[in-house]
Amino acid sequence: MSVADHPAAAELLPLQPIIESNLQTPTQPETELNREPDSLFHFPRMATKNNLLKLNWWHSPTQPLDVAATLLARSAGVASSQQDNNNKSARSCYNTPVKSTSEPNHHHHHERDPKRKVISTAISSVVDLDECFDLQDSQLLVKDSKPCEAFLNQDQHDQMKISGYRRSNSRFLLCWMCICLTGGLLRLVLHWWRHWYLLATCQPCPLQEAQQVLVEEDYQGKHKVYHVKPVQLLTTDQLQNLLPEESEIDGDKLQLSVHFTSAHFKNCRTLRTFRCKQLVYAWDNNIHNFNKINGLDVNVPCSYFHQQRGLTLQEQLSRRIVFGVNEITVPLRDVKTLLFLEILNPFYVFQIFSVVLWFTYDYYYYACVILLMSIFGISMSIIQTKKNQDVLHQTVLNTGNALVVNAKGVSTELPTSTLVPGDIIEIPSSGCTMHCDAVLLSGNCILDESMLTGESVPVTKTPLPMKRDVIFDKKEHARHTLFSGTKVIQTRYIGSKKVLAFVINTGNITAKGGLIRSILYPPPVDYKFEQDSYKFIQCLALIACIGFIYTVVTKILRGTDAVKIVVESLDLITIVVPPALPAAMSVGRFYAQKRLKLNDIFCISPRSINVAGSIDCCCFDKTGTLTEDGMDMWGVVPKSSTNQFQIPLKDISRLPYDHFLFGMVTCHSITVMNGSMIGDPLDLKMFESTGWLLEDVNNIPENERFGLIYPTILRQPKRSTEVDSIPNPIAVVRQSSVDDLLANVGLSQKNYDHGIVREFPFTSNLQRMSVITRCLSAQGFSVYCKGSPEMLQQLCQPESIPEDYTQQLSTFAKRGFRIIAVGYKALNPKLNYTKVQRLSREEVEHNLEFLGFVILENRLKPDTTAVINSLNVANIRTIMITGDNILTAMSVARDCGIVSSTQAVITVHAYSDSDSDQPDQYKLQYTLELGSKTPETTLNGNGTCPGGGGAAIAAQNLMNLSQSTNSLVNGNSSLPNSNSLTSVKTIDTWTHNESDDVELGMTPVAPVPVPADNWRRHYTFAMDGKTWQIVQDHFPQQMEIILTRGAIYARMSPEQKQSLIMELQSLDYYVAMCGDGANDCGALKAAHTGISLSETESSIASPFTSRKATIAAVPNVIREGRAALVTSFGIFKYMAAYSLVQFISVMILYSIDSNLTDKQYLYIDLGLISIFAFFFGKTEAYDGQLVKQVPLSSLISPTPLASLLLHLAVVIVFQVAGWLQLHQQPWFVPFKQSDEDHLGCYENYTMFAISSFQYIILAFVFSKGAPYRKPIWSNWPLCLTMLINVCIVIYLVIYPSRWMMEFMQLVVPEDMSFRIIMLLYGAAAFITHALLETFVVEFLIFKRCQVKREQNLSTSSRKYMQLQYSMQSFDNWPPITDAYELHDSSDESLAEIQPTYVNLSAEQNLDAQPGGFPGFFDNNLGTVEAQKQLPR
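Structural notes, computed from the coordinates.

Describing the overall build of the protein
Phase 1: Each helix and strand in the protein was counted, giving 44 helices and 44 strands.
Phase 2: Among the 1432 residues that make up the protein, the fraction classed as buried is 55%.
Phase 3: As presented, the protein carries roughly 61200 Å² of accessible surface, and 56% of it is formed by carbon and sulfur atoms.

Listed below in structure tokens is the structure:
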């Protein structure tokens, strides 16, 4: 149990000052007195103080001092320290006096430098005095110091309204009096709406005095969710109970440590907290409101983490009281609680009421059946809930120990549940599972982050740089952060250094805790059908009330017995609102779930199946969803010694031994584990294509493996020195460097084995990675760097870049290839190993020499294009949301058909407005890329033509080299981004601002004339995550328009993916999300239909999980969803119609004090309705192409309402007609009740006969077939039961046996002609109902009226269609900055390159410098004369 869950005291006492003394302060200037609260903890000041207290104690060979003993040895007259290692000040969370005290002796060097001690003490005092004045000023600024209402997390995405309440004895007493008077019914209602109970028993009060709080969440104005939470009082008594008995710490000096921001811990004796959505909120007197307790990742400088030491036991416990135990809490309910809550569900409460009433009415048979069905439904619900609960709890189970470094610098093994923010932990060399978020301080770690990112590629983490002026950010510094839930596979350290990490978050505020919270508390999904069904049931209940009142009045007037009046009147309610409705509604979903399982698609939320039937917008992740996980090597384009690109080479093993090959071999983050290489798939593909070997040091112990000078050794493959003849003139001969030729003639023998000395890992914001290597047989160190072409262009020397750099890049980008640029430079020969380790990344990755391009291709999955095209044909909009760069996304989008080859793509880019005085002013820039001129015919879901799948993307047409080089420096434009698989971020913009840009491969274009009549009809938008965030925050009107046409969203973070889904939903789209990683969890949960292609954590968050990792699951889910939705509509209409048919029959019979007999009720309810409802959903989904028209999702719409009303009218006509005809018969004798148990009469026979036919007819009429389900005759169980029941009804109407008439209490007329008339009534009713449903409802009302209205942009009620209608009037929007025309790939397809014949002559140079690498780029060793002859 977490600390925050401990019960609080009944009455919350006011906080007492911690130190009672007079505060004497020097006179402060006016500016100091009125300082803003935000300056409470100024970072430069904190960095200065931290610099004074800088302790690199964990690498020191000396024994650290016992700081805890020093603190405990203070005299009684000395107050607690003003400052400790975590910048904690001894003060209350309320405005209490603070005594200024001196700082204790923390370390030896403080004694040696008294000036430093005085400065540090002075800084501490100033900080404390500032806060005191700030607290006083804050009270003056706030008008109401005791507000009753406020906002939590104000101006954030999770903003919530909070109100304070305290117990009111008078209200409490009055409420329970009403509960007793209503027989507990009011308490049941207050259980369903729990915040009503709070309002009924408590009165509003200031938040500062609240015993309970009401937290209100408002989701886009559509949904409101209420949380009632008790306020708990944390005291130091709880802390004292946790201290060991032998502890000598004075209880009066114990304090709680609470942290909100800036690594500024506040101390207090008591603290008021509450927990909402697994997050703890504490009272903050600075803002007179509850504030979220944050970890040490909010507004903290990077230098802070390196300047801390371990915590004392007292400090650990004081933080644990506030932060709680380090565990992710998942609400666990036992079976008894789940049973109780399930029984109190409104549907089951009504069923219990119905069963009790039927037992009173002696209607045992059907009551027992309903009771059994209810028990089965409750049991299945409890089993599923308990199973999901246990699976989720098992996922977050926190077991194991951690090595915690205490204040003495000694590592102690403690349970991971005891960790608190501020602890320093040692990562074991054998690896571990992280149970907290921590910043890496020393050493390297290799982690498996598949739990968070969905990528199975291990990631290397490096220590956080110690920069004072940089604020730590978990996203920007993700390469230095170990996240909770990830697995440390290996640690790397050199010498005696330990791998240490600083804990910043624990429990629910960790990265994994956030993931679990997104699963536990997803945004409410708009289940339109369910909402309408509730409204429809309310209408039925209203009809039942009218019938109830009518029956009571008429029977009282007839003088009927009071008990009989009550029973029969209440029975009307159970007739109109059928208790079997919930079970009948779940049947269709049950069959759909079963069919999905046969296709390896598993559903943990059956109610989501119906929603899937309404999907009209599908969002897809790219990598692993649309495309294969890995990449394939296509070839390389090295640069020659003449600074020109060579012809592409596909056989990598034929590369000469020069720097380009060495860069491919060494520049990666591959590691060897269990005898196999693991790493980024792109790195693995590049390395494996070279044929080199990665040395696996099996004989070296695990804990010493990385103490080597070269942790990773790359061995060259063994190659024969024999020159093979060329039997086939078409084959490409391996190109040889000068050194190869020298080796062949015996002039030189070279070993090219390399060792990686240092690695700078890949980061998305830097768009590159680099390594420092050394050839084992040479002197000096070399740098190899790879990354995006546009980034390498900036890092390389301009003279080393070929003139056709941009043209080559554009040529390959048009084919949709992933392009990696490689660079190199030699370090100063005077640098030794120690100095190399101290080089900064900026010094290393500078003035590189460009070497060439590595070309890779990321292939689509085999069925991706077919699935996208089928969705396009069905008019289902397709959108790509990816974390990859925008050019790659556009390439894949054109390849798979999300964007057609003929469609124009407008790239939206947001940039800062330099003309504005305000910093947060942005402008939007639109760059148009025209589609191919080849016409297509079929429009896709984006209002465009689907691509045939073979069309490749055309990159944005770029500047020539000189123009782009200059503009890149200025940040105005850059090259298209094609980089590693982990993907690097595109530069701020790659659009074009120059009027004289050159469209590569074509003649130069002046501003391209844009044919307004063509592309503006069907264009789409593309943008990256940075632009999306700016558009969402600053351009809400443009955002809605862009959303209606946007198809490509690149560089999207998990939070941005979720927000995009929610924005699409706000435009009235029914959105499906298909992804394969845990980084898609938020989006999968927020979407109406989430489909996970992975069985990781994303499968817990997603309603649907496919074991087949292809998007073929999407149309399958939609197809089954449509079938289930149509089935649910049919069953609901049938159950409603059955209720109304029976209601009419009973009301007619009630008019003569008759009724249907128990056996007749039993046959209708069990023999007809229950069997039809059970087999109704067995009709399978239509297996043809998805149709454009989405099935109806709203019961409160013209078609279903008209259908029910018209059928009801026909039912009334036939029953009244039969009743009147019966009265016209000469043998008719009116019913006179003589025995309550015998209700048989001619009127009963007539109503039973006609209504029985109507039940069967309506089941047939409402069982729809194509285009959403297969024909009704494919459902042979339903057809068979219908046929059998038709025969039974004919038998009962025409010629029932004597025992049957007695059993059913049927009074059959002697006149056979009247029996035949009943059959004719049945036949006429069948023809009438069938024509009514087929022609009037389906054709006239639905297709001609409702569909036509909904598809008309001007009359549709859906917001996105209204926006599309408004966009038709936009003649000059969006304003295009530049326009470029897409090349036809057929004109410039890359044919197979013919072999290149190179004649080389070499001259030995005896003055060659050692350490140089011979090859095309080495001019000191020999003179190379190359003559290239290309066959014609």
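More follows now that the structure is in view.
Digging into the sheet that holds strand β20 (residues 487-492)
Phase 1: Within the open sheet, the four strands sit side by side as β15-β20-β17-β18. Their pairing is antiparallel. Taken across any chain shown, the strands that pair with only one partner, and hence form the sheet edges, are β15 (432-433) and β18 (459-461).
Phase 2: Two elements, β15 and β20, share two bridges in a ladder whose sense is antiparallel. Across the sheet, C432 pairs through a bridge with V488, a residue of β20.

Concerning the packing of helix α14 (residues 364-395) against helix α38 (residues 1158-1176)
Phase 1: Following both chains from N to C, one finds α14 and α38 inclined at 35°, their axes separated by 8 Å at the closest point. Here α14 contributes Y365, Y366 and V369 to the contact with α38, which in turn contributes K1159, L1162, D1165, L1166 and S1170.
Phase 2: Grouping the constituent residues of the contact of α14 with α38 by class yields five nonpolar, one polar and two charged.

With respect to helix α44 (residues 1359-1367)
Phase 1: Among all positions in α44, only Y1360, M1361, L1363 and M1367 are buried. For α44, the buried positions fall inside an angular range of 155° around the axis, keeping them on one side.
Phase 2: Of the surrounding elements, those touching the buried residues of α44 are β37 (1019-1024), α33 (1036-1045) and α43 (1312-1351).

Considerations on unusual backbone geometry
Phase 1: Residues A1266 and P1267 are joined by a peptide bond in cis, for which omega reads 10°.
Phase 2: The phi angle at N847 is positive, at roughly 55°, despite the residue not being glycine.
Phase 3: Tracing the backbone through its elements, the reader meets N847 in the loop between α27 (841-844) and β33 (849-857).

Quick word on the packing of aromatic side chains
Phase 1: Counted by the stated rule, this structure contains 41 aromatic pairs.
Phase 2: Taking the centre distance of 5.2 Å and the plane angle of 70° together, the rings of Y805 and F850 count as edge-to-face. Of the two residues, Y805 is situated in helix α25 (residues 805-813) and F850 in strand β33; the sequence distance between them amounts to 45 residues.
Phase 3: Relative accessible area serves as the criterion here: at 0%, Y805 is assigned to the buried category.
Phase 4: The class of F850 is buried, set by a relative accessible area of 1%.
Phase 5: When the ring of F1174 is compared with that of F1175, the centres are 5.2 Å apart and the planes differ by 75°; the resulting orientation is edge-to-face.
Phase 6: An aromatic cluster of three or more residues is present, and its members are F274, Y281, W283 and F290.
Phase 7: We note R319 situated over the ring of F265; from NZ or CZ to the ring centre the distance is 3.7 Å.
Phase 8: Lying over the aromatic face of Y1150, K555 brings its terminal NZ or CZ to 4.9 Å of the ring centre.

Quick notes on the environment of I343
Phase 1: Mapped onto the elements of the fold, I343 is located in helix α12 (residues 335-343).
Phase 2: Taking the C-alpha atoms as reference points, I343 and I378, separated by 35 residues in sequence, lie 7.4 Å from one another.
Phase 3: The contact partners of I343, leaving out residues within four places of it in the chain, are Y348, V349, I352 and I378.

Focus on the sheet that holds strand β6 (residues 232-235)
Phase 1: Taking strand neighbours across the sheet as the criterion, the four strands line up as β6-β9-β10-β11 in an open arrangement whose pairing is antiparallel. Every interior strand has two partners, whereas the edge strands, β6 and β11 (289-292), have only one. Taking each pair of neighbouring strands and ignoring which way they run, the sheet shows an average axis angle of 40°.
Phase 2: Two elements, strand β9 (residues 270-276) and strand β10 (residues 279-284), share four bridges in a ladder whose sense is antiparallel. Bridging across to β10, R275 finds its partner in V280.

Considering the packing of helix α39 (residues 1198-1224) against helix α40 (residues 1242-1262)
Phase 1: Between α39 and α40, whose axes approach to 10 Å, the crossing angle comes to 155°. On the basis of their axis angle, the class for α39 and α40 is roughly antiparallel. Read as a crossing pair, α39 and α40 show a hand that is right-handed. Facing S1203, H1207, V1210, V1211, F1214, Q1215, G1218, W1219, L1222 and H1223 of α39, the residues of α40 in contact are Y1242, E1243, T1246, M1247, I1250, S1251, Q1254, L1258, V1261 and F1262.

Structural notes on the pattern of salt bridges
Phase 1: Following the criterion strictly, the structure yields 32 salt bridges and no others.
Phase 2: Here E209 ties to R166 by a salt bridge, and the two come within 2.8 Å at their closest N and O atoms. A residue pair is termed long-range when its members are at least 10 positions apart, and E209 in the loop between β3 (202-204) and β4 (212-219) and R166 in strand β2 (residues 160-167) qualify at 43 residues.
Phase 3: E209 gets classed as partly exposed once you look at its relative accessible area, which sits at 32%.
Phase 4: The partly exposed category is assigned to R166, whose relative accessible area is 30%.
Phase 5: For R859, the salt bridge goes to D632, with nearest N and O atoms at 3.3 Å. You can see R859 sitting in the loop between β33 and α28 (864-873) and its partner D632 sitting in strand β24 (residues 632-638), a full 227 residues away along the chain.
Phase 6: Connected via shared salt-bridge partners are K555, K564, E568 and D1153.

Examining a nonpolar patch on the surface
Phase 1: Residues F359, Y364, L371, L372 and I375 make up a contiguous nonpolar surface patch of roughly 470 Å² in combined accessible area.
Phase 2: The greatest single-element share of the nonpolar patch, amounting to four residues, is contributed by α14.
Phase 3: Within the fold, F359 resides in helix α13 (residues 346-360).
Phase 4: Take F359: its relative accessible area is 33%, and that puts it in the partly exposed class.

Considerations on the state of the cysteines
Phase 1: Scanning all chains against the criterion turns up zero disulfides.
Phase 2: The structure places no disulfide on C1074, whose sulfur is separated from the nearest cysteine sulfur, that of C618, by 8.3 Å.
Phase 3: Among the residues examined, C1074 registers a relative accessible area of 1% and is labelled buried.

Comments concerning the pairing of β11
Phase 1: As judged from the four bridges shared by β10 and β11, these two strands associate in the antiparallel manner. Directly across from D284, in β11, lies its bridge partner N289.
Phase 2: Between the antiparallel neighbours β10 and β11 lie four residues, among them H288 with a positive phi of about 55°.

Thresholds applied
- Residues numbered from 1 in each chain as written.
- Predicted model: local features only at pLDDT ≥ 70, side-chain atom pairs only at ≥ 80, totals over all residues.
- Heavy atoms only, no water.
- Helix = DSSP H or I, 4+ residues; strand = E, 2+ residues; numbered from the N terminus.
- Buried < 20%, exposed > 50% of the residue type's maximum accessible area, 1.4 Å probe, protein only.
- Areas by Shrake-Rupley, 256 points an atom, 1.4 Å probe, with all protein chains shown as cover.
- Pairing = 2+ DSSP bridges.
- Axes fitted to C-alpha atoms, helices over the stretch in contact; angles between N-to-C directions.
- Contact = heavy atoms within 4.5 Å.
- Nonpolar A, V, L, I, M, F, W, Y, C, P; charged D, E, K, R; others polar.
- Arc of directions from axis to C-beta.
- Phe/Tyr/Trp six-rings, centres within 6.5 Å; stacked < 30°, edge-to-face > 60°.
- Lys NZ or Arg CZ within 6 Å of the ring centre and 35° of its normal.
- Parallel < 35°, antiparallel > 145°, perpendicular 65-115°, else oblique.
- Left-handed = near helix turned anticlockwise from the far one by under 90°.
- Salt bridge = Lys/Arg side-chain N within 4 Å of Asp/Glu carboxyl O.
- Patch = residues over 30% accessible without salt bridge, like charges linked within 9 Å, V, L, I, M, F, W, Y side chains within 5 Å.
- Disulfide = S-S within 2.5 Å.

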